[in-house]
Amino acid sequence: MFPKYDIIVVGAGHAGCEAAAAAANLGSKVLLITMNMQTIAQMSCNPAMGGIAKGQIVREIDAMGGYSGIVTDLSMIQFRMLNRSKGPAMWSPRAQNDRVLFSIKWRELLEQTANIDFYQDMVKGLLLKDNRVTGVITGLGHEIKSKAVVLTNGTFLNGIIHIGDKNFGGGRVAEKAATGITEQLVSIGFQSDRLKTGTPPRVDGRSLDYTKMEEQPGDPEISGFSFTDTLKPQQQKSCWITYTNSKVHEILKTGFDRSPMFTGKIDGVGPRYCPSIEDKINRFAERDRHQLFIEPEGWNTVEIYVNGFSTSLPEETQYEAIRSIVGFENAKVFRPGYAIEYDYFPPTQLKYTLETKLTSNLFFAGQINGTTGYEEAACQGLMAGINAHQAINNLDPVILKRSEAYIGVLIDDLISKGTEEPYRMFTSRAEFRTLLRQDNADLRLTELSFRLGLASQERMEKVIRKKDNVEKIKGILNEFLIEPSEINPYLEKINSSLISEKQKAGKLLLRPDIELENMLQELPKLNEQLKLYSKESIEQSSIQVKYEVYIGKERELANRMSQLEDLQIPEAFDYKKIRSLGNEAKEKLARVKPRTLGQASRISGINPSDVQILMVYIGR
């Protein structure tokens, strides 16, 4: 019934979709298996993509030839560039999306991608031979052969949904859990554990009073996520802001005695940076209110997502509390919030390629590795799909360094440090964030992707043009002389020091209170010289000129750090023979099996003296 596939991808969430697309576009014959063909790329929680650090990841996925940025642009209902008041390293794009349209566009792109077949069934186990995966076994009893398998099971592995004192099996509300895989993997030596996440109630937008809330419109100009010329919406929908209050908190507390969080029914650890509302009022008892973002679910629906009100309290407690929020006095609830507990596999059991150490050609991506968030899942799927293709074709693995991409930071964190709570990306996790900006993801990654055969010729040509134009603009800025009389009125207006002699535009741009956009408004001659260049190229040039010193210092530091990354540790290295290493260091190094001294240095509990000892023992 089934041919033999190159790669089988299990699960069609954000990780699975990117994995299937990447492997197929590289030339592998892919089978994407999902339990429900109607929920491909489902936005299970909030209808949004991007945000702090997450937006950078989506742009990196796009630069690598993935689909998430394109789909986000095609389905967005609002766009905002967060942190514009800070330096460009902190700028983070975020979009509200039409939940249904997002899924439709993803499915359209996948169906238009050659080499992808689809099948609706549950995968209950793997076919294994000599520590190598050879395919999957489905719930209907089919044995489907393949050279590699990518597991992207999301929250479905032995998923249990909790609402108050009620609990039942499920991977998402109204969808059954997946069973069998965890038990099989544990039986052959894998370690698994439990995590939890949650989601808020969905309400009827017609029953809300928006006049009592603060409007949050989108940006007037939409830059979007994809470096391709995707269509952007001609209009946007607003979000809204309101707050909980003391009355809401008191009502919520009445349900604590039946909360699975506080009664011990949930063993899994929840996301630290996206806590439930009951967790918030318990941990931050001194606060009398918490901010809520009221987010529309799409263009043609009245359904509203109450961001900030994730909960697993009893339904009646949820309903009473939500009606005490300002603007929600007459709210109608479409469905209650719930928590979900699921299996994951601590990611220290993986190689940098996301292939498992125990079983060859078996790859894990997404929440199975302990991460949270669509963006974190999608980038893992992309890298797992690429590396599964590389592995079965005996090609070099593709591993992004911490200085090359947020994707590299995320995977290195997972592999080296592991995680005991749902992992979420932040700009603070990246030590080279001045290099890893959202605006230069294409300049950083498209050439690599093009060499692999993933990014198109058109994408590569666009990057070459951008690089060329940026250099030309920088040349103009560093040569264009400004007369004091041309700029001093503006400098006086913004309380900046006046100039007494001619000054080059590039030097003036180094002032923290001056932006190129404002200079162009004041200097018609400079504006005339730059009018043929795109806004994107002008902005990129401005950033490179303005932050040249900082970028240079960070690049120098990255180069110094990379020396440790180049020092390889043999895979079979025996740490027990090093007497001068402490027992903790030996245990952690033996468990993680770092690929390089750089990775060894980032393992929790490994100190600089341990690294020095290792350098001696590997003959450096």
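Residues numbered from 1 in each chain as written. Predicted model: local features only at pLDDT ≥ 70, side-chain atom pairs only at ≥ 80, totals over all residues. Heavy atoms only, no water.

Draft legend 1. The overall build of the protein, seen in detail. On a plain count of helices and strands, the protein comes out with 21 helices and 22 strands. Computed over C-alpha atoms, the radius of gyration of the protein comes to 26 Å, within 12% of the 25 Å expected from 2.2 N^0.38 for 620 residues, which places it in the range of a compact globule. C-alpha extents for the protein along the principal axes are approximately 80 × 70 × 55 Å. Looking at the protein as a whole, 58% of its 620 residues qualify as buried. Carbon and sulfur atoms make up 48% of the accessible area of the protein, which totals about 26,400 Å². Side-chain charges in the protein split into 78 positive and 78 negative, and the spacing between the mean points of these groups amounts to 3 Å. (Helix = DSSP H or I, 4+ residues; strand = E, 2+ residues; numbered from the N terminus. Rg over C-alpha atoms; globule rule 2.2 N^0.38 Å. Buried < 20%, exposed > 50% of the residue type's maximum accessible area, 1.4 Å probe, protein only. Areas by Shrake-Rupley, 256 points an atom, 1.4 Å probe, with all protein chains shown as cover. Lys, Arg positive; Asp, Glu negative; His and termini not counted. Charge placed at Lys NZ, Arg CZ, Asp CG, Glu CD.)

Draft legend 2. Quick look at the nonpolar core. Formed by 104 residues in total, the largest nonpolar core has its most connected members in L151 and M383. Per-element accounting of this core gives the leading share, 10 residues, to helix α9 (residues 374–392). When near neighbours in sequence (up to four residues on either side) are disregarded, M383 contacts M64, T353, L354, V398, L400, I407 and I411. (Core = buried A, V, L, I, M, F, W, Y, C linked by side-chain atoms within 4.5 Å. Contact = heavy atoms within 4.5 Å.)

Draft legend 3. Region of the structure containing the packing of aromatic side chains. Applying the stated criterion to the full structure yields 10 aromatic pairs. With a centroid separation of 5.9 Å and 40 degrees between ring planes, the pair formed by F190 and F364 is classed as tilted. Taken together, the residues F190 in the loop between α5 (181–187) and β12 (193–199) and F364 in strand β20 (residues 362–364) connect sequence positions 174 residues apart. Judged on exposure class, the residue F190 and its partner F364 are both buried. Each ring, one from Y210 and one from W240, has its centre 5.0 Å from the other, and the planes form 40 degrees; the classification is tilted. Note that Y210 is positioned in the loop between β13 (202–204) and β14 (214–216) and W240 in strand β15 (residues 239–243), a separation of 30 residues in sequence. Residue Y210 is classed as partly exposed on the basis of its relative accessible area of 23%. The positively charged end of R59 is found above the aromatic ring belonging to F227, 4.1 Å away from the centroid. One Lys or Arg, R287, reaches over the ring of F284 and ends 4.8 Å from the middle of that ring. (Phe/Tyr/Trp six-rings, centres within 6.5 Å; stacked < 30°, edge-to-face > 60°. Lys NZ or Arg CZ within 6 Å of the ring centre and 35° of its normal.)

Draft legend 4. Fine view of the environment of I618. Topologically, I618 is positioned in the segment after α21 (608–617). For I618, a relative accessible area of 19% translates into the label buried. Excluding residues that lie within four positions of it along the chain, I618 makes contacts with Q568, P570, F573 and L597.

Draft legend 5. Inspection of the state of the cysteines at higher detail. Tallied over the entire structure, the rule returns 0 disulfides. Here C17 is not disulfide-linked; the sulfur of C379 is the nearest cysteine sulfur, at 14 Å. C274 supplies the cysteine sulfur nearest to C45, a cysteine that is in no disulfide, at a spacing of 6.4 Å. For C45, a relative accessible area of 21% puts it in the partly exposed group. (Disulfide = S-S within 2.5 Å.)

Draft legend 6. Layout of the pairing of strand β9 (residues 143–151). Alignment of strand β1 (residues 5–10) against β9, held across 5 bridges, turns out to be parallel. What sits directly across from I8, in β9, is V149. Of the strand pairs in this sheet, strand β8 (residues 132–138) and β9 are connected by 3 bridges, and their pairing is antiparallel. The partner of I137 across the bridge, within β9, is E143. Here β8 folds back onto β9 in antiparallel fashion, the turn holding 4 residues, of which G141 has a positive phi close to 90 degrees. Looking at chain direction, β9 and β20 are connected through 3 bridges and run parallel. Paired with V149 across the bridge in β20 is L362. (Pairing = 2+ DSSP bridges.)

Draft legend 7. Representation of the environment of E420 within the structure. Positionally, E420 belongs in the loop between α10 (406–417) and α11 (441–452). As a C-alpha pair, E420 and D396 span 24 residues in sequence and 31 Å in three-dimensional space. In this structure, E420 is in contact with L195, V269 and Y344, ignoring residues within four places of it in sequence.

Draft legend 8. Region of the structure containing the side chain of S226. As for its placement among the helices and strands, S226 is situated in the loop between β14 and β15. On the basis of relative accessible area, S226 is assigned to the buried category, the value being 4%. At a separation of 2.8 Å, a polar atom in the side chain of S226 contacts the side chain of D62. In terms of polar contacts, S226 uses its side chain to reach the side chain of T228, at 2.6 Å. (Polar contact = N/O pair within 3.5 Å; in protein donor to acceptor, adjacent residues only side chain to side chain.)

Draft legend 9. Layout of the sheet that holds β13. Across the sheet, which stays open at both edges, the 6 strands sit in the order β14-β15-β16-β17-β13-β18 with antiparallel pairing between neighbours. Only two strands of the sheet have a single partner each, and these edge strands are β14 and β18 (333–335). In this sheet, adjacent strand axes meet at a mean angle of 35 degrees when their direction is disregarded. Both strand β16 (residues 291–296) and strand β17 (residues 303–307) contribute to a ladder of 4 bridges, which runs antiparallel. Its bridge partner being in β17, I294 is matched across the sheet by V306. (Axes fitted to C-alpha atoms, helices over the stretch in contact; angles between N-to-C directions.)

Draft legend 10. A look at helix α3 (residues 68–75). With respect to burial, α3 is a largely interior element, 7 of its 8 residues being buried. All of the buried residues along α3 are S68, G69, I70, V71, T72, D73 and S75.

Draft legend 11. Quick peek at the side chain of R402. Tracing the chain through its elements places R402 in the loop between α9 and α10. A residue is classified by how much of its surface remains accessible, and R402, at 9% relative accessible area, is buried. A polar side-chain atom of R402 sits 3.2 Å from the main-chain carbonyl oxygen of R429. Here E431 takes part through its side chain, which lies 2.9 Å from a polar atom of the side chain of R402.

Draft legend 12. Representation of the sheet that holds strand β5 (residues 92–97) within the structure. The strand order across the open sheet formed by 3 strands is β3-β5-β4, and the pairing between neighbours is antiparallel. Strands with a single pairing partner mark the edges of an open sheet, and in this sheet they are β3 (48–50) and β4 (76–82). Across the sheet, the mean angle from the axis of one strand to that of its neighbour is 15 degrees, orientation sign disregarded. Here β3 runs beside β5; their pairing, made up of 3 bridges, is antiparallel. Bridging across to β5, M49 finds its partner in A95. Running over the sheet, α3 touches β3, β4 and β5 and is turned about 115 degrees from β4.

Draft legend 13. A look at the packing of α9 against α10. Here α9 crosses α10 at 90 degrees, and the two axes come no closer than 10 Å. With respect to each other, α9 and α10 are oriented roughly perpendicular. Residues E376, C379, Q380, L382 and M383 of α9 pack against I407, L410, I411 and L414 of α10. Tallied by class, the residues present in the contact of α9 with α10 amount to 7 nonpolar, 1 polar and 1 charged. (Parallel < 35°, antiparallel > 145°, perpendicular 65-115°, else oblique. Nonpolar A, V, L, I, M, F, W, Y, C, P; charged D, E, K, R; others polar.)

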